[in-house]
Amino acid sequence: MLYLYCSIRQDGERARDDVAAFLGGAYGAKPPAMLDRIAPAGTPEQVAARLQAYVDAGVRYFIISPAAREDTLEVVTLAAAEVLPRLRVPVAR
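Residues numbered from 1 in each chain as written. Predicted model: local features only at pLDDT ≥ 70, side-chain atom pairs only at ≥ 80, totals over all residues. Heavy atoms only, no water.

Caption draft 1: Structural context of helix H3 (residues 44–56). Between the first and last C-alpha of H3 there are 18 Å, a value that for 13 residues agrees with the 18 Å anticipated at 1.5 Å per step. By the burial criterion, the buried members of H3 are Pro 44, Val 47, Ala 48, Leu 51, Gln 52 and Val 55. Angularly, the buried residues of H3 cover 145° about the axis, an arc narrow enough to put them on a single face. Residues of H3 that are buried make contact with strand S1 (2–8), strand S2 (41–42), strand S3 (62–66) and helix H4 (72–83). Gly 58 sits one or two positions beyond H3 and adopts a positive phi of about 120°. (Helix = DSSP H or I, 4+ residues; strand = E, 2+ residues; numbered from the N terminus. Expected span 1.5 Å × (residues − 1). Buried < 20%, exposed > 50% of the residue type's maximum accessible area, 1.4 Å probe, protein only. Arc of directions from axis to C-beta. Contact = heavy atoms within 4.5 Å.)

Caption draft 2: Focus on the sheet that holds S3. Taken in spatial order, the three strands make up an open sheet running S2-S1-S3, and their pairing is parallel. The sheet is open, and its two edges are formed by S2 and S3, each paired on a single side. Judged from the two bridges that link them, S1 and S2 form a sheet pairing that is parallel. Bridging from a neighbouring strand, Ser 7 pairs with Ala 41 of S2. (Pairing = 2+ DSSP bridges.)

See below:
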């Protein structure tokens, strides 16, 4: 299981801005690459690619907490409708 903050938007730049504003106070002025490691952000395709790496490493359950101050239902809806269905559990050999 993995609990993670993230922001998913059709506009990937807005999602990255969400994370910077939401976590900026807790983590200070961190470079965008560090925030991306802490809280995936971007379009549904971009976030799905990040989460797939966790699935490949063994994660089977995600608790997604929106790293956004507004329109959080959009983040949750995109996670359920467009991100999670893209994930594929590797086939054991």
